[in-house]
Amino acid sequence: GVFFGYIDTIMLGHFVTGEFIGYYAVAFSLVASAAAIIGFSSAAVFPIFLRLKGKQLETGFRKTRLITILISLMAAIVTFFLAKYVILIAYGKEYLAAVPILQILSLFVLIGPIIGLYDHYLTSQEKTKAIAFLLIITTIINIGLNWAFITYGLRFGMFEALIGAATATIISRGLYLLGIIWFKKRSQKVISSD
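Residues numbered from 1 in each chain as written. Predicted model: local features only at pLDDT ≥ 70, side-chain atom pairs only at ≥ 80, totals over all residues. Heavy atoms only, no water.

**Focus: helix H7 (residues 128–154)**
Okay, so step 1: In this model, H7 (27 residues) spans 38 Å end to end at C-alpha, consistent with the 39 Å of a helix rising 1.5 Å per residue.
Okay, so step 2: Here H7 has its buried residues at Ala 130, Ile 131, Leu 134, Thr 138, Thr 139, Asn 142, Leu 145, Asn 146, Ile 150 and Gly 153. (Helix = DSSP H or I, 4+ residues; strand = E, 2+ residues; numbered from the N terminus. Expected span 1.5 Å × (residues − 1). Buried < 20%, exposed > 50% of the residue type's maximum accessible area, 1.4 Å probe, protein only.)

Written out as structure tokens, the structure reads:
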């Protein structure tokens, strides 16, 4: 999982100069921090998910998911529209070039906490093999997308390579989210048929 989070930065290190990696790292660290703060609810409800079964579990999950989605959506919108000011306050005007990267990665503020919630649900249901499988598959996809988007972006410039890496990261995280949603629905059908 940690490797999944740093593939883009590692791959960018091969293609762009340190200045551009700095811009990317600034944007990614801001969204990763925001996603972690918002995602606290998924970690907090994990022990509850372990104790609940059947309809109680599903009701608790749905309520937590709704709250997480609403908070994450608001935070993603705020991050997108206030990206310039967030970077100015956190890092200063020297890093304003990172604004478009932060705007693309603002989708991670929406996706990240939801991923955490589904991960905790599947873990509470002892479906860790599904999580591991998805991490491996989406990591491979992430590497391929990063290579394709970074090399394509380099045709236009180093900054465009950053945009390619950010886009690849969001796509692969989105695929991971779709995968864990599918595994959750599948495990829910198995539980309800028992």
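There's more to say after this.
**Structural notes on the pattern of salt bridges**
Okay, so step 1: This structure, assessed with the given rule, holds one salt bridge.
Okay, so step 2: A salt bridge links Lys 184 to Glu 58, with the nearest nitrogen and oxygen atoms 2.6 Å apart. One end of the pair, Lys 184, is in helix H8 (residues 158–193); the other, Glu 58, is in helix H4 (residues 54–81), and 126 residues separate them in sequence. Like Glu 58, Lys 184 is buried. (Salt bridge = Lys/Arg side-chain N within 4 Å of Asp/Glu carboxyl O.)

**Description of the confidence of the model for the protein**
Okay, so step 1: Per-residue confidence for the protein gives a mean pLDDT of 88, with 94% of residues at or over 70.
Okay, so step 2: Looking over the protein, one finds the lowest element-wise mean pLDDT in helix H3 (residues 40–51), namely 76, and the highest in helix H5 (residues 83–90), namely 94. (pLDDT = per-residue confidence, 0-100.)

**Re helix H6 (residues 99–124)**
Okay, so step 1: The first and last C-alpha atoms of H6 sit 38 Å apart over 26 residues, in line with the 38 Å expected at 1.5 Å per residue.
Okay, so step 2: The positive-phi residue at the C-terminal boundary of H6 is Glu 126, with phi of around 60 degrees.

**With respect to the nonpolar core**
Okay, so step 1: Judged by nonpolar contacts, the single largest core of 50 residues is most densely connected at Tyr 24, Leu 105, Leu 162 and Ile 180.
Okay, so step 2: Counting residues per element, this core draws most heavily on H6, which supplies 13 residues.
Okay, so step 3: With sequence-adjacent residues up to four places away left out, Leu 105 is seen in contact with Tyr 24, Ala 27, Phe 28, Val 31, Ala 166 and Ile 170. (Core = buried A, V, L, I, M, F, W, Y, C linked by side-chain atoms within 4.5 Å. Contact = heavy atoms within 4.5 Å.)

**Observations concerning the packing of H3 against H6**
Two quantities define a packed helix pair, namely the angle between the axes and the distance from one axis to the other.
Okay, so step 1: Two numbers describe how H3 lies on H6: the axes approach to 9 Å, and their chain directions differ by 25 degrees. One element, H3, and the other, H6, form an angle in the roughly parallel class. Along this stretch, H3 crosses H6, giving a crossing that reads as right-handed. Here Ser 42, Ala 43, Val 45, Phe 46, Phe 49 and Leu 50 of H3 come into contact with H6, specifically with Gly 116, Leu 117, His 120, Tyr 121, Thr 123 and Ser 124.
Okay, so step 2: Broken down by class, the residue content of the contact of H3 with H6 amounts to seven nonpolar, five polar and no charged. (Axes fitted to C-alpha atoms, helices over the stretch in contact; angles between N-to-C directions. Parallel < 35°, antiparallel > 145°, perpendicular 65-115°, else oblique. Left-handed = near helix turned anticlockwise from the far one by under 90°. Nonpolar A, V, L, I, M, F, W, Y, C, P; charged D, E, K, R; others polar.)

**Observations concerning the packing of aromatic side chains**
Okay, so step 1: The tally for this structure, following the rule as stated, stands at eleven aromatic pairs.
Okay, so step 2: An aromatic cluster is built from Phe 20, Tyr 23, Tyr 91 and Tyr 95, whose rings are joined through pairwise contacts.
Okay, so step 3: Above the face of the Tyr 121 ring, Lys 184 is positioned so that its terminal group lies 4.7 Å from the ring centre. (Phe/Tyr/Trp six-rings, centres within 6.5 Å; stacked < 30°, edge-to-face > 60°. Lys NZ or Arg CZ within 6 Å of the ring centre and 35° of its normal.)

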